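Here is what each chain is made of, one letter per residue.
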Amino acid sequence: MKSLIRPLVAVVAVVTLAAGCASKAPSASGGSGAGGKKQFVVGYSQSNNAEPYRAQLNLQLEYFMKQHPDMKLLPIADAHQSSATQVSQVQNFIQQKVDVLIVSPNEPAPLTAAVQQACQAKIPVIILDRSVNTDCYTSFIGGDNYEIGKLAGQEAVKQLPNGGNVVELRGIMSDQPQIDRDKGFRDAVKANPKIKIVADREAKWLKDSAVPIMQQWLSKYPKIDLVYGHNDPMTLGAYLAAKAQHRESQIKFIGIDGLAIPDGGIRAVQLGELTSTFVYPTCAKEAAATAYAIAHGQQVGKKQVLHTTQVTKENAAQLYKQYDMSGKISG
């Protein structure tokens, strides 16, 4: 393969929500916009602004929302990886009677009841990236994390034809993307029985958490052939730890996210820090379009699965140019 991975199949199923979870167009409640027209108010609870992927999602969502003059995005609420904080944020948006609620859940189970409360209040809910244990939401938008993990595993098999030792940096253990990215990867590397996953640890999606974990692994294992990180920041944290011990040239590094930002995964592939990564769409453009459609009484897909692309040394420059939004957003 091949610079580009075939698009994942988008699943768009238009559904009629159950009683108490209606997705009919809300009445505009946000006060007057330009020309005295009413605006639809959108609330967004983000799981953790500190993750580069989520910070970029926020900036892009603000940009795409501004393309719709009658849509008003309230200040984005940062849960700081606290499910309790996020539940309070969602309940606060419900009390404000927002017209559309967007949630990127920190964890599925703790957010389920809060999302159900929004549904019962007849507030349409868009779930981004991470699942909840209810289907009362209006639309889910995200990538196919199992497939991305599988593609990462296939790349590991390609990079280690004679087998080798792999270490795996995982996101928050209860997050469905982490579960799927782990399973997809492990299923794929079974193709080469000589590949051994010798260690895996939760690093909570954060570079700063990954560095000391990798330092411990480097001390424990004299031979590490490949690092698989569930996102680019964790993988780059492992790279920095290996570089500090002059072992980075002995190890392959595979990540996920592929952000087109100066310290993102695409640039890291260009610089030779990452062997490969996979673009995981921010979902921002789709979230803005879906919120607009819901507010204006249009039908939306219950589940929207977005495309991914593998980033390699050969296509990194082209993909950076394709996904770069620095001329449109700041931060």
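Residues numbered from 1 in each chain as written. Predicted model: local features only at pLDDT ≥ 70, side-chain atom pairs only at ≥ 80, totals over all residues. Heavy atoms only, no water.

1. A closer look at the overall build of the protein
Here is step 1 of the chain: The number of helices and strands found in the protein is 10 helices and 13 strands.
Here is step 2 of the chain: For the protein, contacts bridging at least 24 residues in sequence account for 73% of all contacts bridging at least 6.
Here is step 3 of the chain: Just so you have it, the protein exposes about 14,100 Å², and 51% of that area is on carbon and sulfur atoms. (Helix = DSSP H or I, 4+ residues; strand = E, 2+ residues; numbered from the N terminus. Contact = heavy atoms within 4.5 Å. Areas by Shrake-Rupley, 256 points an atom, 1.4 Å probe, with all protein chains shown as cover.)

2. Describing unusual backbone geometry
Here is step 1 of the chain: In this structure, D129 is a non-glycine residue whose phi angle is positive, near 75°.
Here is step 2 of the chain: Along the chain, D129 falls in the loop between strand 5 (125-128) and strand 6 (139-143).
Here is step 3 of the chain: Given a relative accessible area of 6%, D129 falls into the buried group.
Here is step 4 of the chain: Of note, H246 is a non-glycine position whose phi angle comes to about 60°, a positive value.
Here is step 5 of the chain: You can see H246 is positioned in the loop between helix 7 (232-244) and strand 10 (252-254). (Buried < 20%, exposed > 50% of the residue type's maximum accessible area, 1.4 Å probe, protein only.)

3. Description of the packing of aromatic side chains
Here is step 1 of the chain: Considering all chains together, one arrives at 4 aromatic pairs under this definition.
Here is step 2 of the chain: When the centroid spacing of 4.0 Å and the interplanar angle of 10° are considered together, the rings of F185 and Y228 count as stacked. Of the two residues, F185 is situated in helix 5 (residues 176-189) and Y228 in strand 9 (residues 226-229); the sequence distance between them amounts to 43 residues. Of the two residues examined, F185 and Y228, each falls in the buried class.
Here is step 3 of the chain: The ring of Y320 is capped by R267, whose NZ or CZ atom sits 3.9 Å from the centre of that ring.
Here is step 4 of the chain: One residue, K302, lies across the ring of Y137, its end atom 4.3 Å from the ring centre. (Phe/Tyr/Trp six-rings, centres within 6.5 Å; stacked < 30°, edge-to-face > 60°. Lys NZ or Arg CZ within 6 Å of the ring centre and 35° of its normal.)

4. Focus: the pairing of strand 1 (residues 40-46)
Here is step 1 of the chain: For strand 1, a buried count of 7 out of 7 residues is recorded, marking the element as mostly surrounded by other parts of the structure.
Here is step 2 of the chain: Neither face of strand 1 is left uncovered, since the one carrying F40, V42, Y44 and Q46 and the one carrying V41, G43 and S45 both have all their residues buried.
Here is step 3 of the chain: Taken together, the 3 bridges between strand 1 and strand 2 (residues 71-73) define a ladder with parallel strand orientation. Within strand 2, the position partnered with V42 by the bridge is L73. (Pairing = 2+ DSSP bridges.)

5. Some remarks on the nonpolar core
Here is step 1 of the chain: Among the nonpolar cores identified, the biggest contains 45 residues, and L61, M65 and L128 are the most heavily contacted of them.
Here is step 2 of the chain: Residues in contact with M65, not counting those within four places in the same chain, are V42, M71, L73, I102, A288 and A291.
Here is step 3 of the chain: A199, M214, L218 and Y221 belong to the second largest nonpolar core, which has 32 residues in total. (Core = buried A, V, L, I, M, F, W, Y, C linked by side-chain atoms within 4.5 Å.)

6. Overview of helix 3 (residues 108-120)
Here is step 1 of the chain: In a regular helix each residue adds 1.5 Å, so 13 residues correspond to 18 Å; helix 3 covers 18 Å between its end C-alpha atoms and thus fits that length.
Here is step 2 of the chain: Residues of helix 3 that are buried: P108, L111, T112, A114, V115, A118 and C119.
Here is step 3 of the chain: Where helix 3 is buried, its residues meet helix 2 (83-95), strand 4 (100-103) and strand 5. (Expected span 1.5 Å × (residues − 1).)

7. Quick look at the state of the cysteines
Here is step 1 of the chain: The tally for this structure, following the rule as stated, stands at 1 disulfide.
Here is step 2 of the chain: Between the sulfur atoms of C119 and its disulfide partner C136 the distance amounts to 2.1 Å. Residues C119 and C136 are joined by a disulfide whose S-S torsion is about 75°; by sign, that bridge is right-handed. Of this pair, C119 sits in helix 3 while C136 sits in the loop between strand 5 and strand 6, and the two are 17 residues apart along the sequence. (Disulfide = S-S within 2.5 Å.)

8. What to know about the confidence of the model for the protein
Here is step 1 of the chain: For the protein, per-residue confidence averages 90 on the pLDDT scale, and residues scoring 70 or more make up 88% of the total.
Here is step 2 of the chain: Every residue in residues 1-24 scores below 50 in pLDDT, and together they form 54 contacts with partners more than four places removed in sequence or on other chains. (pLDDT = per-residue confidence, 0-100.)

9. Here we look at the pattern of salt bridges
Here is step 1 of the chain: Counted according to the given criterion, the structure contains 14 salt bridges.
Here is step 2 of the chain: Ionic pairing is found between R54 and E51, a salt bridge with its closest N-O pair at 3.5 Å.
Here is step 3 of the chain: Overall, R54 belongs to the buried group, its relative accessible area being 2%.
Here is step 4 of the chain: The closest approach of N and O atoms between R186 and E168, which form a salt bridge, is 3.1 Å. (Salt bridge = Lys/Arg side-chain N within 4 Å of Asp/Glu carboxyl O.)

10. What to know about the packing of helix 4 (residues 145-159) against helix 5
Here is step 1 of the chain: With their axes 6 Å apart at the nearest point, helix 4 and helix 5 run at an angle of 35° to one another. The handedness of the crossing between helix 4 and helix 5 comes out as right-handed. Touching N145, Y146, G149, K150, A152, G153, Q154, A156 and V157 of helix 4 are P177, D180, R181, K183, G184, F185, D187, A188 and V189, all from helix 5.
Here is step 2 of the chain: Looking at the contact of helix 4 with helix 5 residue by residue, the class counts come to 8 nonpolar, 5 polar and 5 charged. (Axes fitted to C-alpha atoms, helices over the stretch in contact; angles between N-to-C directions. Left-handed = near helix turned anticlockwise from the far one by under 90°. Nonpolar A, V, L, I, M, F, W, Y, C, P; charged D, E, K, R; others polar.)

11. Concerning the packing of helix 6 (residues 207-220) against helix 7
Here is step 1 of the chain: The contact between helix 6 and helix 7 brings their axes to 7 Å, and the two run at 45°. When the interaxial angle is binned, helix 6 and helix 7 end up oblique. For the pair helix 6 and helix 7, the sense of crossing is right-handed. Facing helix 6, whose interface residues are K207, A210, V211, M214, Q215 and L218, helix 7 presents P233, M234, L236, G237, A238, L240, A241 and A242. (Parallel < 35°, antiparallel > 145°, perpendicular 65-115°, else oblique.)

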